[in-house]
Amino acid sequence: MSNAKRRKTSAYKGSYRRKKPTHRKSVSRRKQIRQHSRTIILLFVVIIIVLTIVISASVSHKRKMASLNEDAIEVSQSVMTYEDLIDHYAKKYDIEEYKEYLLAIMEVESGGYGSSDVMQSSESAGLPMDTLAEEASIEQGCEHFAECLAEAQEKDCDLKTAIQAYNYGKGFISYVAENGGEYTFELAEAFAREQSGGATTEFNAEIAIERNGGWRYSYGNMFYVPLVEQYVTIVRELE
């Protein structure tokens, strides 16, 4: 073979050898792109699944947090005259979502009349009964309820415990925390029995008559939670 032919053949073979790595790189690049695409798609699917789970949990939580009380009784007009003050102080103490409970508490405590201490909150401020005037009573009532809510949450107790504590005092929250962490009427009854030394008094509310013939222990009101909740349209749980 002549030198010229060798050079031609050598040049051709060299050229061919240089193209093969380029082809491999191209194939490898395409594989990388496909793998990268699959990774992105998989990541996107995972994100969608996680978001679906989170949204479902959130909806379920909201449903758990609030249920409709179709048998709720409307609070009186005399209580509703204080609605603006309730709104103002509920916002001040960051408990706006419990506005219905505050109105219901006022309904149970005074019906919005008969005493200037419309939320019967003087004693929670360390004052004699009926000391506070209307607006001061509402502010103290909102503050007291906010404190009951916060302590109940801190001790892993439920909303009903906080409601009963508005009437009994915050010592009831510790009592419930030590006995399962969840309000029951039996716990409210037992606490009142201990605090009153077993002394009873007549109580002619329909709920008491139906349950025990019409009496309660002479400490607070062991029927406080059902009395309050009957005026609440949306029954919540403590978040």
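Whatever comes next refers back to the structure up there.
Scope of this entry: the structure provided in the associated data block.

Conventions and cut-offs
Residues numbered from 1 in each chain as written. Predicted model: local features only at pLDDT ≥ 70, side-chain atom pairs only at ≥ 80, totals over all residues. Heavy atoms only, no water. Helix = DSSP H or I, 4+ residues; strand = E, 2+ residues; numbered from the N terminus. Buried < 20%, exposed > 50% of the residue type's maximum accessible area, 1.4 Å probe, protein only. Contact = heavy atoms within 4.5 Å. Areas by Shrake-Rupley, 256 points an atom, 1.4 Å probe, with all protein chains shown as cover. 1 Å grid on protein atoms, 1.4 Å probe; cavity = no way out; pocket = protein on both sides within 12 Å on 5 of 7 lines; lining within 4 Å. Points joined across faces, edges and corners; volume = space filled by probe spheres on them. Nonpolar A, V, L, I, M, F, W, Y, C, P; charged D, E, K, R; others polar. Salt bridge = Lys/Arg side-chain N within 4 Å of Asp/Glu carboxyl O. Axes fitted to C-alpha atoms, helices over the stretch in contact; angles between N-to-C directions. Parallel < 35°, antiparallel > 145°, perpendicular 65-115°, else oblique. Left-handed = near helix turned anticlockwise from the far one by under 90°. Phe/Tyr/Trp six-rings, centres within 6.5 Å; stacked < 30°, edge-to-face > 60°. Core = buried A, V, L, I, M, F, W, Y, C linked by side-chain atoms within 4.5 Å. Patch = residues over 30% accessible without salt bridge, like charges linked within 9 Å, V, L, I, M, F, W, Y side chains within 5 Å. Lys, Arg positive; Asp, Glu negative; His and termini not counted. Charge placed at Lys NZ, Arg CZ, Asp CG, Glu CD.

### Overview of the overall build of the protein
At step 1: Along the backbone of the protein there are 10 helices and 4 strands.
At step 2: Along its sequence from the N terminus, the protein presents helices and strands in the succession α-β-α-α-α-α-α-α-α-β-α-β-α-β.
At step 3: Per-residue burial over the protein gives 33% buried out of 239 residues.
At step 4: Long-range pairs, those at least 24 residues apart, make up 52% of the contacts in the protein between residues at least 6 apart in sequence.
At step 5: Accessible area for the protein stands at about 14700 Å²; split by element, carbon and sulfur atoms hold 52% of it.

### Focus on the layout of surface pockets
At step 1: Of the voids in this model, the largest pocket is the one considered here, and its volume is about 460 Å³.
At step 2: If you go around the largest pocket, you meet 18 residues; those closest to its centre are E109, Q120, E123, N167 and G220.
At step 3: Contributions of two or more residues to the lining of the largest pocket are made by α4 (99-109), α6 (159-168) and α10 (224-229).
At step 4: At 4 residues, α6 tops the list of elements feeding residues into the lining of the largest pocket.
At step 5: Tallied by class, the residues present in the lining of the largest pocket amount to 8 nonpolar, 7 polar and 3 charged.

### Describing the pattern of salt bridges
At step 1: Under the counting rule described, the total for this entry stands at 7 salt bridges.
At step 2: Between E139 and K92 there is a salt bridge, with its nearest N and O atoms 2.6 Å apart. Taken as a pair, E139 in helix α5 (residues 134-154) and K92 in helix α3 (residues 83-92) lie far apart in primary sequence, 47 residues in all.
At step 3: Here E186 makes a salt bridge to R211, at a shortest N to O gap of 3.1 Å. You can see E186 sitting in helix α8 (residues 185-196) and its partner R211 sitting in helix α9 (residues 206-212), a full 25 residues away along the chain.

### Concerning the packing of α4 against α5
At step 1: Contact pair α4 / α5: the axes reach a minimum separation of 11 Å and the direction vectors enclose 120°. One finds that α4 runs oblique with respect to α5. In this structure, α4 crosses over α5, and the sense of that crossing is right-handed. For the pair α4 and α5, contact is made by Y101, L102, I105 and M106 and by I138, C142 and F145, respectively.
At step 2: Taken together, the residues that form the contact of α4 with α5 break down as 7 nonpolar, no polar and no charged.

### Details of the packing of aromatic side chains
How two aromatic rings sit relative to each other is given by the distance of their centres and the angle of their planes.
At step 1: In the structure shown here, the tally under the stated rule is 14 aromatic pairs.
At step 2: Here Y168 and Y219 contribute two aromatic rings whose centre-to-centre distance is 5.4 Å and whose plane-to-plane angle is 45°, an arrangement assigned as tilted. Of this pair, Y168 sits in helix α6 while Y219 sits in the loop between β3 (215-217) and α10, and the two are 51 residues apart along the sequence.
At step 3: A relative accessible area of 5% places Y168 in the buried class.

### Considering the nonpolar core
At step 1: In terms of nonpolar packing, the biggest core is built from 55 residues, with I95, Y101, M119, I138 and F145 touching the most fellow members.
At step 2: Residue assignment for this core shows that the elements contributing at least two residues are α3, α4, α5, α6, α7 (171-177), α8 and α10.
At step 3: Ranked by residue count, the leading element in this core is α5, at 7 residues.
At step 4: Residues contacting I138, with those up to four places away along its chain left out, are Y82, L85, I86, Y89, M106, V118 and M119.

### A word on the packing of α3 against α4
At step 1: It is the contact of α3 with α4, at a shortest axis distance of 10 Å, that shows an interaxial angle of 130°. If you check the angle between α3 and α4, you find them oblique. Crossing hand, α3 versus α4: right-handed. Between α3, through E83, I86, D87 and A90, and α4, the contact on the second element is made entirely by K99, L102, L103 and M106.

### Observations concerning a negative patch on the surface
At step 1: Together, D94, E96, E97 and E239 line one region of the surface with negative charge.
At step 2: Along the chain, the position of D94 falls in the loop between α3 and α4.

### A short note on the environment of E83
At step 1: By secondary structure assignment, the location of E83 is in helix α3.
At step 2: For E83, a relative accessible area of 24% corresponds to the partly exposed category.
At step 3: Apart from the residues lying within four places of it in its own chain, the contact partners of E83 are K99 and L103.

Interpretation note: all reported values are geometric properties and have no functional meaning in isolation.
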